[in-house]
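Coordinate analysis (summary)
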Amino acid sequence: MSLNVGILAIQGDVQENILSTQTALKELGIEGTVNGVTTPEEISNLDGLIIPGGESTTIGQLSLVNSSLKKIKEKIENGMPVLGICAGMIMLSKTADDRVIGKTDQPLLEFLDIKIERNSFGRQKDSFEADISMDLIDIPKFNGVFIRAPSVTETGSDVEVLSKFNEKIIAVKKGNVIGTSFHPELTYDVSLHKYFVNLVKQVK
Amino acid sequence: MLPLSGERSDAKGIVCQKSDSGYTLRGTSTLKRGFAHMLKNGVVMDVTNVEQAQIAEEAGAVSVMVLDKLPSDVRKAGGVARTASIRIIEEIMNSVTIPVMAKCRIGHVYEARVLEETDVDMIDESEVLTPADEHHHIWKWDFTTPFVNGARSLSEALRRIEEGAAMIRTKGEPGTGNVAEAVTHIKKVNDELRAIKSIYDSGDNQDLVRMAREFKVSYDIVEETAKLGRLPVVNFAAGGIATPADAAYLMSLGCDGIFVGSGIFNADDAKERARSIVLATTFWNEPEKVKEAQKMIDERQSMLGLDVKTLELRMQDRGGSA
């Protein structure tokens, strides 16, 4: 049984997520392939999907163009595990407002019942690295890389909070779907990718 | 994975602060280079006002670059080209959610300081503006804000990275609507990368030392680059891009993304052109989609191009020898 993991390759940090996932598979001794995916056909064959960091307005609009957004939604509703990183978490959310601009009218998957504040920690000069923890999924220490990062300001009753930093929610989980404000692919620690790969394996 | 370390222990731009949940670090190489990662496979568009910035965002641009005049108008106007009005930069920062970049003159440390204080997301130390220092570029490690620099060759790119650039754009000839120079320089960088990669693979360290001397950079960065077989930071194409096909062609040469200067807002169909260039950049590998994108624009509305041979001002040469 070989896992088929895809990284949504519309725009953003695709290659780094491919490598982190490959490393995770190797360290866990799980067989699997990892590829960048863009089309609905490629997405329909996946066992798990990572929506990487990038610009959420760009990724949203362009995945709408070739109807991959619709396909992802369908797959999530059928239980496919998804890891949404930064822009990816924004994509998974129900509502996203910008800290300065306010309401934005961008295409979203509307799966996670969360409200997002985009650019929550400020502009690029305020981007930061810090130690964080995700005890609920047995990752007690992780180097969080936050780049113009969003945070979660409200969560629905079925959404678990995995981590907070300075009172802001920075990682959430609902069933097989995980969202993070920070970029695990920009560190050499693949423990979150390993957790995700294990989740994909369990579901398959 | 592109290396995210490359840190200098004397980098003054790194800020360590204590917060309620523990220490935070800002301005690290990981954060600066990581910011550029988030732009990959995207289009950065030159804009001069809020209206253009909003068109760019709606078209799917990953970022906007604020200028006082578009490069082609800089070329026409002559005189000294400086950084854009802070008031306009702030207006744009308050009206779009995507990152906002701005240009400073080559070597002009205080234009850069002003832009950092303004809180722009990235500073472009750019040859489109009139250089302020013929001999030095800015020592970018002193800044918390990341920088992008232009380069025409591998040696120029590596010198800029050693000065702290978190991103490179291979130079074309700005404001011409002519993609020829951009193509030439990307191919040159690619050829040089192949050459040092093959030296690295052959295990001839002496020859790598010779390359480092020729490039006027450290051995370490030459070795790191040779091992990777690509630039150690994100590399976009820039200069003279006017159509979706231009953008797709440059992506096919191995660029991580595209900067479009005058090509969009000097055309008569800016909205469609912005959208079509984004589509062609995203789906460059699917010629059918590039054709659809190209169909969205009308060649009669493209900006009138300039033959590079006839130019009196070659912006690409600025800062190249330093």
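Source: prediction; values computed, not measured.

Next up on the list: the overall build of chain B. Along chain B, the regular secondary structure elements total 13 helices and 10 strands. Taken over the C-alpha trace, chain B has a radius of gyration of 19 Å; the compact-globule value for 322 residues is 20 Å, and the two agree within 12%. Oriented by its inertia axes, the alpha-carbon framework of chain B measures out at about 55 × 50 × 40 Å. The proportion of buried residues among the 322 residues of chain B is 57%.

Right, let's get into the overall build of chain A. Looking only at helices and strands, chain A features 6 helices and 13 strands. The C-alpha radius of gyration computed for chain A amounts to 15 Å, which stays within 12% of the reference 17 Å derived for 204 residues, consistent with globular compactness. Per-residue burial over chain A gives 57% buried out of 204 residues. In chain A, of all internal contacts separated by at least 6 residues, the share reaching a separation of at least 24 is 70%.

Taken together, the contact between chain B and chain A spans 35 residues of the former and 36 residues of the latter. Elements represented by at least two residues in the side of chain B that touches chain A include exactly strand E2 (22–26) and helix H1 (29–37) of chain B. Of the residues that constitute the side of chain B that touches chain A, the class distribution is 12 nonpolar, 16 polar and 7 charged. Here strand E8 (residues 128–134) of chain A pairs with E2 of chain B via 2 bridges, running antiparallel.

As a further point, take the sheet that holds E2 of chain B. One open sheet holds the 4 strands; their spatial order is E9(A)-E8(A)-E2(B)-E1(B), and the pairing between them is antiparallel. Taken across any chain shown, the strands that pair with only one partner, and hence form the sheet edges, are strand E9 (139–146) of chain A together with strand E1 (15–19) of chain B. Neighbour-to-neighbour, the strand axes of this sheet turn through a mean angle of 30 degrees, independent of strand direction.

Confidence along chain B averages 93 in pLDDT terms, with 98% of residues attaining 70 or more. We note a pTM of 0.95 for the whole complex and an ipTM of 0.96 for its interfaces.

All right, on to the packing of helix H2 (residues 50–59) of chain B against helix H12 (residues 270–282) of chain B then. When two helices pack together, their arrangement is given by the angle between their axes and by how far apart the axes lie. All names here are of chain B. At a minimum axis distance of 9 Å, the contact between H2 and H12 shows a crossing angle of 40 degrees. When the axis of H2 is compared with that of H12, the two are oblique. The handedness of the crossing between H2 and H12 comes out as right-handed. Touching Ile55, Ala56 and Ala59 of H2 are Ala270, Lys271, Ala274, Arg275 and Val278, all from H12. For the contact of H2 with H12, a count of residues per class yields 6 nonpolar, no polar and 2 charged.

This part is about helix H8 (residues 205–215) of chain B. All names here are of chain B. Inspection of H8 places Met211, Ala212 and Phe215 among the buried residues, and these make up the whole buried set. All buried residues of H8 fall inside an arc of 100 degrees around its axis, so they share one side. Summarising the geometry of H8, the exposed residues directed more than 90 degrees from the buried face are Gln206, Arg213 and Glu214. Directly beyond the C-terminal end of H8, a positive phi value near 60 degrees is found at Lys216.

The rules behind these values
Residues numbered from 1 in each chain as written. Chains lettered and ligands numbered in written order. Predicted model: local features only at pLDDT ≥ 70, side-chain atom pairs only at ≥ 80, totals over all residues. Helix = DSSP H or I, 4+ residues; strand = E, 2+ residues; numbered from the N terminus. Rg over C-alpha atoms; globule rule 2.2 N^0.38 Å. Buried ≥ 20, exposed ≤ 12 C-beta atoms within 10 Å, placed from the backbone. Contact = placed C-beta atoms within 7 Å. Nonpolar A, V, L, I, M, F, W, Y, C, P; charged D, E, K, R; others polar. Pairing = 2+ DSSP bridges. Axes fitted to C-alpha atoms, helices over the stretch in contact; angles between N-to-C directions. pLDDT = per-residue confidence, 0-100. Parallel < 35°, antiparallel > 145°, perpendicular 65-115°, else oblique. Left-handed = near helix turned anticlockwise from the far one by under 90°. Arc of directions from axis to C-beta.

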